[in-house]
Amino acid sequence: MSINDLTQAVRRRAFWAVDALRGGKIGRHLEDIRRLIEEADASWAVRRKQELLAALLRHARETTSYYSGKNPSAPLSDYPVVNKTLIRESAARFCSRQYGASKRIAVFTSGSTGTPFEVFHSSGKKLRNSADTIYFARRAGFDIGHRALYMKIWAKEKMSSPVHYFLQNVVPVDVIQLHAAQLEHILRFLSKDSSQCGIVGYASALELLAKHLDGRRKGDAPKNVRSIIAISESLSDYTKAALRDYFGVTVVSRYSNQENGILAQQEINGSPQFLVNTASYVLETLKLDSDHPAREGELGRIVVTDLLNYAMPMIRYDTGDVGALVTDSAQPGKLFLSSVEGRKLDLLYDTKGDLVSSFIVYKNMWKYPEIVQYQLIQEGEKQYRFKINANGPLHRDAELINDFKLYLGPDAEIAIEYVSEVPLLASG
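Residues numbered from 1 in each chain as written. Predicted model: local features only at pLDDT ≥ 70, side-chain atom pairs only at ≥ 80, totals over all residues. Heavy atoms only, no water.

### Some points on the pattern of salt bridges
Right, so step 1: Taken as a whole and judged by the stated rule, the model has 20 salt bridges.
Right, so step 2: Arg 301 is paired through a salt bridge with Asp 291; the nearest N and O atoms lie 2.9 Å apart. One end of the pair, Arg 301, is in strand S11 (residues 300–306); the other, Asp 291, is in the loop between strand S10 (281–286) and S11, and 10 residues separate them in sequence.
Right, so step 3: When its relative accessible area of 14% is taken as the criterion, Arg 301 is described as buried.
Right, so step 4: What makes Asp 291 partly exposed here is its relative accessible area of 43%.
Right, so step 5: The residue Arg 385 makes a salt bridge to Glu 417 at a minimum N-O spacing of 3.6 Å. You can see Arg 385 sitting in strand S17 (residues 383–390) and its partner Glu 417 sitting in strand S18 (residues 413–418), a full 32 residues away along the chain.
Right, so step 6: Given the relative accessible area of 28%, Glu 417 is considered partly exposed.
Right, so step 7: Several salt bridges converge on common partners, so that one network encompasses Glu 31, Arg 34, Glu 38, Arg 139 and Glu 267. (Salt bridge = Lys/Arg side-chain N within 4 Å of Asp/Glu carboxyl O. Helix = DSSP H or I, 4+ residues; strand = E, 2+ residues; numbered from the N terminus. Buried < 20%, exposed > 50% of the residue type's maximum accessible area, 1.4 Å probe, protein only.)

### Quick look at the nonpolar core
Right, so step 1: With 42 residues, the main nonpolar core has Ile 37, Tyr 67, Val 82, Ile 87, Phe 94, Met 312 and Ile 315 as its most contacted residues.
Right, so step 2: At the level of elements, helix H2 (25–38), helix H3 (43–63), strand S2 (117–121), helix H6 (123–140) and strand S12 (317–327) are the ones that each hand at least two residues to this core.
Right, so step 3: In terms of residues, this core owes the most to one element, H3, which gives 6 residues.
Right, so step 4: Excluding its chain neighbours within four sequence positions, the residues that come into contact with Ile 37 are Tyr 135, Phe 136, Arg 139, Leu 275, Asn 277, Thr 278, Ala 279 and Lys 334.
Right, so step 5: Core analysis: the next-biggest nonpolar cluster, separate from the first, contains 37 residues, Leu 183, Tyr 202, Leu 235 and Leu 243 among them. (Core = buried A, V, L, I, M, F, W, Y, C linked by side-chain atoms within 4.5 Å. Contact = heavy atoms within 4.5 Å.)

Okay, here's the thing in structure tokens:
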């Protein structure tokens, strides 16, 4: 066993030793998730999921004002469909009285037209998310102890200490203006490190990595990559095929969001379908123009009921994404998304013509909670338009423009247009 293999084994054992000292909570959640998904058609599993849902609905009725008047015998389909706007405007009504400020964990997220959206998780929900992450990472070929190369936007204001990432064996890679020099540095880093490694990153960043490898000699890619997981955007067939060719592993796409967690993930058998996390969520698809259920295989709005979040119950939450739910007779009890749409971000270029990640929008907009919706449009080589729906005048136009000039270029011409609404596309 090499020193790196030994180090990874020590990290893995240390993680589970710490969990055992804390009562083995993550381990129990992990086993519960594994059995509920892998034995999905067993009578006990069906009953367990029914009990989880019944307990959540009862808790919501008894401890939140929003659901307080709901009939105890009403099925899930009788509960109202809620969305980000409704929860943001009535957050207190969705919060459980049993979870005061000291007992809940704030989580911030942002959508393609929305500013930071705050939800609250209970400690049990946080543990469940940790177990979900471990379970679905294993299904992709990654295990605790492997080094994780994490390619996303890293806002310095929200980053932990370097010691934290060292202990977790995580290498943060900021994808803002991810150019050839940085990509080459990443590949050299991986080549010099014999540790088993997994790559997690935005699909657009993985595509840039694949295109950079196209310019290298065949067989020149690092040999220690054991898993690749694409997040946040649609994964192209090109990226999936190219990275499999270079690294010898199947790239899987993960469907998740900040407010809930991991909702579904592709399998390493190469199927385009996403295995739904039925252990922690109830997923529905509703018609695009009504709250009636979509047929099996029909594209519809993805609506989620989070079974484990008791601090702020999210029941029939419209994610803003579109997908089609299907079953597989060869895998009874399991549920799949045959497609997930509405998460592909448009391309954005700076004033020099270089591609920049459209996630710079997310990195900057958390500073402006008074903005309800926004849309950034590139109208020319140096011309950009910001459509903003805000609660009253922003009074920070110059600050907003300067924030974006840091990434788009000092000669960027950015116009701000105030609107009453930024309408969604039919896809959500």
